Amino acid sequence: MSAGTTKLAVTVTEVTPVNELVTRFRFERTDGGLLPTFSGGAHTVVEMKDGDITRLNPYSLMSDPMDQSAYTISVRRDDEGRGGSLFMHQKVKPGDQMVISYPVNLFALDLRAKKHLMIAGGIGITPFLAQIKQLAATNGRFELHYACRNPALGSYVDELTAAHPNNVHVYFDDQKQAIDLENLLDGQPLGTHIYVCGPKGMIDWVCAKARDLGWPREAIHYEEFLAPQSGKPFEVKLAVSNKVITVGEHQSLLEAIEAAGVDAPYLCRGGACGQCETAVIGYDGKFLHHDHWLEDDEKASGKKIMPCVSRFEGKTLVLDR
Amino acid sequence: MSTFDFPPSITSRPTYGTLEPRAGKFHLMIADAEGAEAILRLAEADPSLMGKSHIMYIPGETGDRFTAKLEALAPKQLYVGPSYTAAVPRLRRILQDAHMGLQVYLTGTEGLMGQAMLEATTAGIPHTAIQTEHRGSVARRMQCVHCKGITENVITDPFKCSHCGLNLFVRDHYSRRLAAFQAVCIDAEDPGNVPPSVELYT
């Protein structure tokens, strides 16, 4: 299969509950070899074979990017989601063999920056764990501002504050602590880059404030993995492979295309990278665009769709795939 | 009018826009000679800008033609200096103390904009975030690729390197790292066969 990146056969060697909602998984190569190094902010796409359903979900790598013995990811349980995180939490046990993708980085540090200002919300902390290890090894200058609900749900708070007491600032929502964003941004020396990972509201808040304060677009980085949303089932005609497929309620369009045996390109599976962009040949209905790759005019044109997260409602949809 | 439309050229050649007011709490404007006109126009577009602006101005051959007008804008701070070189320590200090959100506006000759751009990017501002507007002379700051010497204010092509004396051809190939265009020996294969010098863009 040419889609995605090269695959790695791995064995789950540790499953560690971090708190009530988050569990950490450690993967080592099944053949005993070394894993590729990566760069902080990279993610891997984990293949989950759950009975007849195959899910491919991206998770940020949180281990040391130079540690080739194992990768670790942290998965937050989402009881309302499409089931990927529940599968990881309930079905995956040490000793299980799984397939993950080579690391892909859509949230890399800009190493031209003189200082890295990281803003994390909840499980959005994971890419920063790897980035901080990368920066610590090279004496990079960073500051982390990490908002989480309360101490019990603050994944890796203790570990971070112990290792970097002067660089890590933690805010607990339950204690009414909040990031003083305007003052924080105002005080940054020239050459600072911002990195945000967390809920959409937080990303929008930080990006908008930074823009209002005159920060250059090139110095603002964010990562938001969009999980594909469930929706009404719909039918799609794939013109090139001459197939008619049905996208299930909890299935993404990309997953349905793959389930039909059609090799479709992808990378992030979260509406960010643009790899799965697909041309629309004809349609009668309404697009539900969920990605943040296509520009608004492209979304309105009805000529393109990102099948990893976007859906369709209506009579017919014909794709160039 | 002090503007000039540069003909399209290779990708390496810098292109310039028109200064526009941007959001931000602190604004740094650096201009030489007729660049003052672009600042006057900017102040007209958004008068509230001046209260948070530091203007660094090098009048050069325009003398005091624009200085009174710039003073009348009542910027937060106005520096009028004899040369770019003289202004560099001040510029570096401003950039060292500046915070993110600083807006940089460069206007005037290519040599001034290029060198100030180099200081600003070295300080950590992405070059794409710095506004520029060309005004005044089309003279260039050239580096001789043979002896590496810089000749300022080159207005004719070919010209003689002010360091090694070679006859040099003025290229559009630009180096952001050196803030200079590249000049290459024009008579290397047939020494002495030098075409007559013409003024740039005539």
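Rules used throughout
- Residues numbered from 1 in each chain as written.
- Chains lettered and ligands numbered in written order.
- Predicted model: local features only at pLDDT ≥ 70, side-chain atom pairs only at ≥ 80, totals over all residues.
- Helix = DSSP H or I, 4+ residues; strand = E, 2+ residues; numbered from the N terminus.
- Rg over C-alpha atoms; globule rule 2.2 N^0.38 Å.
- Buried ≥ 20, exposed ≤ 12 C-beta atoms within 10 Å, placed from the backbone.
- Contact = placed C-beta atoms within 7 Å.
- Domains from an automatic or database assignment.
- Nonpolar A, V, L, I, M, F, W, Y, C, P; charged D, E, K, R; others polar.
- Pairing = 2+ DSSP bridges.
- Right-handed = clockwise from strand over helix to strand, strands pointing away.
- Axes fitted to C-alpha atoms, helices over the stretch in contact; angles between N-to-C directions.
- Parallel < 35°, antiparallel > 145°, perpendicular 65-115°, else oblique.
- Left-handed = near helix turned anticlockwise from the far one by under 90°.
- Arc of directions from axis to C-beta.
- Core = buried A, V, L, I, M, F, W, Y, C linked by C-beta atoms within 7 Å.

Looking at the overall build of chain B
Tallying secondary structure elements over chain B gives four helices and 12 strands in all. In terms of overall dimensions, chain B is globule-like: its C-alpha atoms have a radius of gyration of 18 Å, near the 17 Å expected for 202 residues. Taking the principal axes of the C-alpha coordinates as reference, chain B spans close to 60 × 35 × 30 Å. Taking all 202 residues of chain B together, the buried fraction comes to 40%. When contacts within chain B are restricted to residue pairs at least 6 apart in sequence, those whose partners lie at least 24 apart make up 62%.

What to know about the overall build of chain A
For chain A, the count of helices and strands is seven helices and 17 strands. Here the C-alpha atoms of chain A give a radius of gyration of 20 Å, agreeing with the 20 Å that 2.2 N^0.38 yields for 321 residues. In terms of overall dimensions, chain A has C-alpha extents of about 60 × 50 × 35 Å along its principal axes. A buried classification covers 42% of the 321 residues belonging to chain A. In chain A, the share of contacts with a sequence separation of at least 24, taken over all contacts with a separation of at least 6, comes to 67%.

A short note on the domain arrangement of chain B
Residues and elements named next belong to chain B. We note that the domain assignment places domain 1 (26–134) and domain 2 (140–199) within chain B. Tallying the contact residues gives seven residues for domain 1 and seven residues for domain 2. A class-by-class count of the residues in the side of domain 1 that touches domain 2 yields two nonpolar, four polar and one charged.

Section: the sheet that holds strand E14 (residues 243–247) of chain A
Residues and elements named next belong to chain A. Ordered in space as E14-E13-E17-E15-E16, the five strands form an open sheet in which the pairing is mixed. Every interior strand has two partners, whereas the edge strands, E14 and strand E16 (304–305), have only one. Note: strand E15 (residues 278–288) against E16, two bridges, orientation antiparallel. By the bridge assignment for E16, Ala279 is matched with Lys304.

A few points about the pairing of strand E2 (residues 53–58) of chain B
Every regular strand shows the same layout, with side chains that alternate between the two sheet faces. All names here are of chain B. Of all six residues in E2, five are buried; the element is thus mostly enclosed. Direction of pairing for strand E1 (residues 27–32) relative to E2: parallel, over a ladder of six bridges. Its bridge partner lying in E2, His27 is registered against Ser53. Between the parallel pair E1 and E2, the chain is carried across by helix H1 (residues 35–45), and the sense of this crossover is right-handed.

With respect to the interface of chain B and chain A
The partner chain A presents 16 residues to the 17 residues of chain B that form the contact. Residues that form the side of chain B that touches chain A fall into these classes: nine nonpolar, six polar and two charged.

Notes on the packing of helix H3 (residues 84–97) of chain B against helix H4 (residues 110–122) of chain B
Residues and elements named next belong to chain B. Their axes nearest at 10 Å, the elements H3 and H4 cross at an angle of 30°. Viewed along their axes, H3 and H4 adopt a mutual orientation that is roughly parallel. In this structure, the crossing between H3 and H4 has a hand that is right-handed. Contacts between H3 and H4 involve Tyr84, Leu91, Arg92 and Leu95 from the former and Leu112, Gln115, Ala116, Glu119 and Ala120 from the latter. Across the contact of H3 with H4, the residue classes tally to six nonpolar, one polar and two charged.

Observations regarding the pairing of strand E3 (residues 77–80) of chain B
All names here are of chain B. The pairing of E2 with E3 spans four bridges and is parallel. By the bridge assignment for E3, Met56 is matched with Tyr79. On the question of chirality, the crossover connecting E2 to the parallel E3 by way of helix H2 (residues 67–72) is right-handed.

Regarding helix H1 (residues 84–91) of chain A
All names here are of chain A. Restricting attention to buried positions, one finds in H1 the residues Gly84, Ser85 and Met88. The arc that holds every buried residue of H1, seen down its axis, measures 105°, which confines them to one face. Exposed residues pointing more than 90 degrees away from the buried face of H1 are listed as Gln90 and Lys91. Looking at the packing, one finds that the buried side of H1 touches strand E2 (22–29), strand E3 (42–50), strand E4 (53–60) and strand E5 (71–76).

Points about the nonpolar core
Membership of the largest hydrophobic core comes to 101 residues, with the highest contact counts inside it found for Leu144(A), Ile194(A), Val196(A) and Ile39(B). Composition of this core by domain shows at least three residues from each of domain 1 (26–134) and domain 2 (140–199) of chain B. Apart from residues lying up to four places away in sequence, Ile39(B) is in contact with Met29(B), Ala31(B), Ile55(B), Leu70(B) and Thr107(B). Ranked by size, the runner-up nonpolar core spans 25 residues in total, among them Ile257(A), Ala272(A), Cys308(A) and Val309(A).

What to know about the environment of Glu152(B)
All names here are of chain B. Along the chain, the position of Glu152 falls in strand E7 (residues 150–154). Taking C-alpha positions, Glu152 is 24 Å from Gly192, a pair spaced 40 residues apart along the chain. The residues touching Glu152, leaving out its near neighbours within four places in the chain, are Gly111 and Arg141.

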